[in-house]
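A look at the structure
Here are the chains, one letter per residue:
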Amino acid sequence: MSSTDHVWWRPGGRSPFSLDPTKPRLPQIGSAIWQSLVIFGGPAIGLVAIDHYPFLIADRTIYVGGLASIGLWFLASFVIWGSDDFPRGMPQHLKLVFRAGFGLCMTFLVFGLAGIANGYGTPLIRRDVAVVAKHPTRQSDPDHRTYYVAMRAWPSSRAVVELHAPRKVYDRLHVPITAIDTPQEDLQAMADSGSVRLIVGQGRLGVEWLKAIELP
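Now for a quick tour of the structure. Everything numeric here is computed off the predicted structure, so don't read it as measured data. (Residues numbered from 1 in each chain as written. Predicted model: local features only at pLDDT ≥ 70, side-chain atom pairs only at ≥ 80, totals over all residues. Heavy atoms only, no water.)

Let us look at the sheet that holds strand E4 (residues 194-201). Spatially, five strands are ordered E3-E2-E1-E4-E5 in an open sheet, and the strand pairing comes out antiparallel. Both edges of this open sheet fall to strand E3 (161-164) and strand E5 (209-214), since each of them pairs with a single strand only. Averaged over all adjacent pairs, the angle separating strand axes in this sheet is 45°, with direction ignored. Summarising the sheet, strand E1 (residues 124-136) and E4 pair through eight bridges and their orientation is antiparallel. Along E4, the bridge assignment pairs Val 129 with Val 196. (Pairing = 2+ DSSP bridges. Helix = DSSP H or I, 4+ residues; strand = E, 2+ residues; numbered from the N terminus. Axes fitted to C-alpha atoms, helices over the stretch in contact; angles between N-to-C directions.)

Below, the discussion takes up a nonpolar patch on the surface. A cluster of nonpolar side chains, namely Leu 26, Ile 29, Ile 33 and Leu 37, defines an oily patch on the protein surface of about 410 Å² accessible area. When you line up the elements, Leu 26 lands in helix H1 (residues 25-52). A relative accessible area of 70% means that Leu 26 is categorised as exposed. (Patch = residues over 30% accessible without salt bridge, like charges linked within 9 Å, V, L, I, M, F, W, Y side chains within 5 Å. Areas by Shrake-Rupley, 256 points an atom, 1.4 Å probe, with all protein chains shown as cover. Salt bridge = Lys/Arg side-chain N within 4 Å of Asp/Glu carboxyl O. Buried < 20%, exposed > 50% of the residue type's maximum accessible area, 1.4 Å probe, protein only.)

Here Val 200 shows up in strand E4. For Val 200, a relative accessible area of 0% puts it in the buried group. Between the alpha carbons of Val 200 and Phe 55 there is a distance of 9.6 Å; along the sequence they are 145 residues apart.

Our next topic: the layout of surface pockets. By volume, the second largest pocket amounts to about 1,100 Å³. Along the walls of the second largest pocket sit 33 residues, with Ile 50, Asp 51, Pro 54, Phe 55 and Ile 62 positioned nearest its centre. When contributions to the lining of the second largest pocket are tallied by element, the ones reaching two or more residues are H1, helix H2 (59-80), helix H3 (92-119), E3 and E5. The residue inventory of the lining of the second largest pocket, partitioned by class, reads 21 nonpolar, eight polar and four charged. (1 Å grid on protein atoms, 1.4 Å probe; cavity = no way out; pocket = protein on both sides within 12 Å on 5 of 7 lines; lining within 4 Å. Points joined across faces, edges and corners; volume = space filled by probe spheres on them. Nonpolar A, V, L, I, M, F, W, Y, C, P; charged D, E, K, R; others polar.)

Moving on, we get to the pattern of salt bridges. Across all of its chains, the model carries six salt bridges by this definition. Close ionic contact of Arg 127 with Glu 208 constitutes a salt bridge, the shortest N to O distance being 2.7 Å. Here Glu 208 lies in the loop between E4 and E5 and Arg 127 lies in strand E1, a separation of 81 residues in the sequence. The salt bridge partner of Arg 152 is Asp 192, with a shortest N-O separation of 2.8 Å. In this pair, Arg 152 sits in the loop between strand E2 (147-151) and E3 while Asp 192 sits in the loop between helix H5 (184-189) and E4, placing the two residues 40 residues apart along the sequence. Classification of Asp 192 by relative accessible area gives partly exposed; the value is 40%. Each of the salt bridges in this network shares a partner with another, and the network as a whole consists of Asp 143, Arg 167 and Asp 171.

Met 151, Val 196, Leu 198 and Ile 213 are the most contacted members of the largest nonpolar core, which totals 20 residues. Core analysis: the next-biggest nonpolar cluster, separate from the first, contains eight residues, Val 38, Phe 86, Met 90 and Met 106 among them. (Core = buried A, V, L, I, M, F, W, Y, C linked by side-chain atoms within 4.5 Å.)

At a minimum axis separation of 8 Å, H2 and H3 run at an interaxial angle of 125°. With respect to H3, the axis of H2 lies oblique. Of the two elements, H2 crosses H3, and the hand of that crossing is right-handed. Every residue of H3 that contacts H2 at Gly 65, Gly 66, Ser 69, Ile 70, Trp 73, Phe 74, Ser 77, Phe 78 and Ile 80 is listed here: Leu 96, Arg 99, Ala 100, Phe 102, Gly 103, Leu 104, Met 106, Thr 107, Val 110 and Phe 111. Considering only residue class, the contact of H2 with H3 consists of 12 nonpolar, six polar and one charged. (Parallel < 35°, antiparallel > 145°, perpendicular 65-115°, else oblique. Left-handed = near helix turned anticlockwise from the far one by under 90°. Contact = heavy atoms within 4.5 Å.)

This part covers the packing of H1 against H3. Contact geometry of H1 with H3 gives a least axis separation of 7 Å together with a crossing angle of 45°. Compared by their axis directions, H1 and H3 come out oblique. Taken as a pair, H1 and H3 cross one another with a handedness that is left-handed. Where H1 approaches H3, its residues Trp 34, Gln 35, Val 38, Ile 39, Gly 42, Pro 43, Ile 45, Gly 46, Val 48, Ala 49 and Ile 50 are matched on the opposing element by Phe 98, Phe 102, Cys 105, Met 106, Phe 108, Leu 109, Phe 111, Gly 112, Leu 113, Gly 115 and Ile 116. Grouping the constituent residues of the contact of H1 with H3 by class yields 17 nonpolar, five polar and no charged.

Distances and angles like these do not, on their own, reveal function.
What follows is the structure, given as structure tokens:
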């Protein structure tokens, strides 16, 4: 038996993906299927929702909500998996990495399912909104840049949100160009300089989602 047969990821010389013969098979199979669905399905579903049914909410809400969700599922992993559920001898830092990865994948899964449930098949409306500024990302090739437009997306609020817009819309907007890291307070204090037309979905969960940005 070689030295690699004794390390934690090859207990007793077994493949790291094989079942533990000392434990019941069905729970191990069910756990492996569930973990695979979360690890691979979570990010996939999340990216589908981001691409097709993105929530029309403030950037800060996305960041705070995402970090809070990752932290919540990270803590929940201590309830779901105890120390005995990991391979014997597995380093503590790798256990923490696994738990953090679980939190990230579950966040993608939950937000993705919520986005699809909120947006799929819901009615669309159009409204013109004020634009205060714009800015591109810093890639040297203009074709590889992402173009952002800072606008007041909600009629009843002066809050400004920066949304990714098509380049043809960006180029035809005659508004100030700001730095990428312009503070939110400075954007909100700027005067209205142009307008765009938003096509938004009336989400069934009470949250609007962005379909497209056009010129009026």
